[in-house]
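# An overview of the molecular structure
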Amino acid sequence: MAELGYSEEYQTYLDSLTKETLLKILENAYTEVFVTDADDRYVYTNPACMRHYGLTPEQMKNMNLQSELRPERWKISLSGRVKKSKKVIIAENKYYAMEQNVVTISVPILDEDGNVEMIVSTTQDPINSYDFSIKNEVKTIVSEEEDSGEIIGSSKAIKRCLSILQKVSKTDINVLILGESGTGKSFLSKYVHTNSLRRDKPFISINCSAIPETLLESELFGYVPHAFTGASNKGKEGLIKIANGGTLFLDEIGELSLPMQVKILDVIENKRFIPVGSTTPEHADIRIITATNKDLYQLVQDNKFREDLYWRLNSIKTTLPPLRERPEDIISLANYFLNVFNEKYKTNKYFSKKVPPLLCGYHWPGNIRQLRNLVERLVILSDGKVIEDYDFQRFTSEEESGSKRVVNSDYESVMEEAERKLVENSYLFYKSSRKMAEALNISQSKAYRLIRKYVYDEKED
Ligand SMILES: Nc1ncnc2c1ncn2[C@@H]1O[C@H](COP(=O)(O)OP(=O)(O)OP(=O)(O)O)[C@@H](O)[C@H]1O
């Protein structure tokens, strides 16, 4: 039990509570309470577990949790993390059979020697299954995509972006984040939010291209009761209202239809919105961050994006460089993801020394997302402890087979280009002709010649 230093009087009161009363409380709690011991064996669950697993507490008690409610069936396996950190972990999670995410809070109970004795996990229902809004109180601390939220990168390019984002985060100015897919636009929009004065309020993210236009309007602005056929008779709160006081991140803003652009402009200029089916405007206190991988100005030229909205969104613009243009960050990101997945899959793999130059030389069309996914696959699928160069080559060529890369068909120039990339990246990584020669299995004099040809000659030009 938590040491709260109760008064004697209150402690006596607690002691007087009967087992029957305590069970009545637990058994009737709407939130799932699920307790396991340090060996992941069943201790207790209340009937709320039926909503989540379709199993009664009795069925759960008779199950082998490790084999039947297996950790890998969860998006994030929490018990190992709690036991290792001995800290409370909050995660947006999903059991494979659930339709939507749930929020689980796992609390370790420590014995007198500081060892984990039990883990008490409470699981809240999918957030949009509630009719009333408790959403502002839920803060996601762990989600699969986020990892620890640590920003990895020391290249000048990423530092420049971070410095801009840091400066604007304390203001309410609109920020537009540009960059290819997977460069970290959503990730950095969260960084702006968590560094802003709005950090204790909700951060709501919506991908404008993923939702049909009619649905997007009711998702963003909400609707009044019976606003349209099939609408709930209670109406629905929109994301703008839910984000009140916080930040709304509109991803793929270039995909917004022209009528929706007018409505978003109204939110920005007049700080108001009108729920679907209503005529009464409501106040919107939100900061808007937008992102796109499209050329927004070109869309303006093509009359597909409103110029007035473009200029409003564009107050501060920053472009995240593609990963291939910041090879300095590739190795630190790869090592970071290697740690993340070693921890997740309880492995202890590492890259052979031939892998880093290959990582740097690859063109990463899917940017950081592709690197993350590739490292995860390498950790799961490579044989043995060491991730070898051929593992990397196999997985990247598997990914590319079928992709439409334009290939220069002139043999000499293709080979020269490949050699140039290999040398540039190896030298950037090893910073010495001796180490580079060793890694590429060539003589040091050959390495030196190649460095002169591709690195120094180019710099001297
Ligand atoms: N600097 C970083 N450090 C660590 N992880 C990062 C960094 N930037 C991005 N990531 C991770 O890379 C992945 C892709 O990032 P994100 O989803 O933000 O890209 P995006 O540019 O928004 O992509 P899209 O345009 O396709 O939506 C995520 O898993 C994110 O956590």
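See the structure printed just above.
Residues numbered from 1 in each chain as written. Predicted model: local features only at pLDDT ≥ 70, side-chain atom pairs only at ≥ 80, totals over all residues. Heavy atoms only, no water.

### Some remarks on the overall build of the chain
Regarding its fold elements, the chain presents 20 helices and 16 strands. Across the 461 residues in the chain, those meeting the buried criterion constitute 42%. For the chain, contacts bridging at least 24 residues in sequence account for 63% of all contacts bridging at least 6. Total accessible area on the chain stands at roughly 25700 Å², and carbon and sulfur atoms take up 51% of it. (Helix = DSSP H or I, 4+ residues; strand = E, 2+ residues; numbered from the N terminus. Buried < 20%, exposed > 50% of the residue type's maximum accessible area, 1.4 Å probe, protein only. Contact = heavy atoms within 4.5 Å. Areas by Shrake-Rupley, 256 points an atom, 1.4 Å probe, with all protein chains shown as cover.)

### Brief notes about the sheet that holds strand 2 (residues 42–45)
The strand order across the open sheet built from five strands is 2-1-5-4-3, with neighbouring strands paired in antiparallel fashion. A single partner strand is all that each edge strand has here, and the edge strands are strand 2 and strand 3 (89–93). For this sheet the average axis-to-axis angle between neighbouring strands, irrespective of direction, equals 20°. The pairing of strand 4 (residues 102–110) with strand 5 (residues 116–124) spans eight bridges and is classified as antiparallel. (Pairing = 2+ DSSP bridges. Axes fitted to C-alpha atoms, helices over the stretch in contact; angles between N-to-C directions.)

### Overview of the site of the ligand
In the region of the ligand, 18 residues are neighbours, and Ser-181, Gly-182, Lys-185, Ser-186 and Phe-187 sit closest. Within the side chain of Asp-251, a nitrogen or oxygen atom sits 3.2 Å from an oxygen atom of the ligand. Coverage of the ligand by the protein amounts to 94% of the 640 Å² it exposes when considered alone. At the level of secondary structure, the elements contributing two or more residues to the shell around the ligand comprise helix 8 (185–194), helix 14 (327–344) and helix 16 (367–381). In terms of residue class, the shell around the ligand is made up of six nonpolar, five polar and seven charged. Among the domains, domain 2 (156–320) and domain 3 (323–400) are the pair contributing at least three residues each to the shell around the ligand. (Near = heavy atom within 4 Å. Polar contact = N/O pair within 3.5 Å; in protein donor to acceptor, adjacent residues only side chain to side chain. Nonpolar A, V, L, I, M, F, W, Y, C, P; charged D, E, K, R; others polar. Domains from an automatic or database assignment.)

### What about unusual backbone geometry?
Even without being glycine, Asn-303 reaches a positive phi, approximately 60°. When its relative accessible area of 63% is taken as the criterion, Asn-303 is described as exposed. Positive phi outside glycine occurs at Asn-367, with the angle close to 55°. Mapping Asn-367 onto the fold places it in helix 16. Overall, Asn-367 belongs to the buried group, its relative accessible area being 0%.

### Focus on the sheet that holds strand 6 (residues 175–179)
Ordered in space as 7-10-13-6-14, the five strands form an open sheet in which the pairing is parallel. Among the strands making up the open sheet, the edge pair consists of strand 7 (203–207) and strand 14 (316–320). Across the sheet, the axes of successive neighbouring strands diverge by a mean angle of 20°, strand direction being ignored. Across five bridges, strand 6 lies against strand 14 in parallel orientation. Pairing of Leu-178 across the sheet is with Thr-319, part of strand 14.

### A few points about the environment of Glu-307
Along the polypeptide, Glu-307 turns up in helix 13 (residues 307–313). Linking Glu-307 and Leu-296, residues 11 residues apart in sequence, is a C-alpha distance of 9.5 Å.

### Focus: the packing of helix 7 (residues 156–169) against helix 8
Relative placement of two packed helices is described by the angle separating their axes and the distance separating the axes. Where helix 7 contacts helix 8, the two axes come as close as 8 Å, and the packing angle between them is 35°. The element helix 7 and its partner helix 8 pack so that their crossing is right-handed. Mapping the contact onto sequence places Ile-158, Leu-162, Leu-165, Gln-166 and Ser-169 in helix 7 and Leu-188, Tyr-191 and Val-192 in helix 8. Each residue belonging to the contact of helix 7 with helix 8 can be placed in one class, and the counts come to six nonpolar, two polar and no charged. (Left-handed = near helix turned anticlockwise from the far one by under 90°.)

### Some remarks on the pattern of salt bridges
Pairing is possible between side chains of opposite charge, provided their charged atoms come close. Under the defined criterion, the tally for this structure stands at 18 salt bridges. A salt bridge links Arg-394 to Asp-391; its shortest N-O distance comes to 3.9 Å. Placement of both Arg-394 and Asp-391 in helix 17 (residues 389–400) is noted, with a separation of three residues, approximately one turn of the helix. With a shortest N-O distance of 3.5 Å, Arg-434 and Glu-438 are connected by a salt bridge. Of this pair, Arg-434 and Glu-438 both sit in helix 19 (residues 433–440), four residues apart, roughly one helical turn. Each of the salt bridges in this network shares a partner with another, and the network as a whole consists of Asp-37, Asp-39 and Arg-41. (Salt bridge = Lys/Arg side-chain N within 4 Å of Asp/Glu carboxyl O.)

### Some words on the pairing of strand 2
In terms of strand pairing, strand 1 (residues 32–37) meets strand 2 through three bridges, oriented antiparallel. Across the sheet, the residue bridging to Thr-36 is Tyr-42, located in strand 2. Hairpin connection between strand 1 and strand 2: a loop of four residues separates the two successive antiparallel strands, and Asp-40 in this loop has a positive phi of roughly 60°.

### Some remarks on the nonpolar core
Counting residues in hydrophobic clusters, the biggest one holds 32 residues, and the most contacted among them are Leu-220, Ile-240, Leu-250 and Phe-305. Of all the elements in the fold, those that place two or more residues in this core are strand 6, strand 7, helix 9 (213–221), helix 10 (239–242), strand 10 (247–251), helix 11 (258–270), helix 12 (296–301) and helix 13. With five residues, helix 11 is the largest single contributor of residues to this core. Those residues within four positions of Ile-240 in sequence are excluded, and the remaining contacts are Leu-220, Phe-221, Leu-248, Val-267, Phe-273, Ala-284 and Ile-286. Judged by nonpolar contacts, the second largest core, of 26 residues, contains Leu-323, Phe-341, Phe-351 and Leu-371. (Core = buried A, V, L, I, M, F, W, Y, C linked by side-chain atoms within 4.5 Å.)

### Remarks on the packing of aromatic side chains
The full count for this structure, using the stated rule, is 13 aromatic pairs. Here the aromatic rings of Tyr-362 and Trp-364 are separated by 4.6 Å at their centres, their planes lie at 80°, and the arrangement is edge-to-face. Exposure class is identical for Tyr-362 and Trp-364. Each is buried. Ring geometry for Tyr-362 versus Phe-392: centroids 5.9 Å apart, planes at 90°, classification edge-to-face. In this pair, Tyr-362 is assigned in the loop between helix 15 (355–361) and helix 16 and Phe-392 in helix 17, connecting sequence segments 30 residues apart. Like Phe-392, Tyr-362 is buried. Here the aromatic residues Tyr-6, Tyr-10 and Tyr-13 are joined through ring pairs into a cluster of three or more. (Phe/Tyr/Trp six-rings, centres within 6.5 Å; stacked < 30°, edge-to-face > 60°.)

On their own, these measurements won't tell you what the molecule is for.
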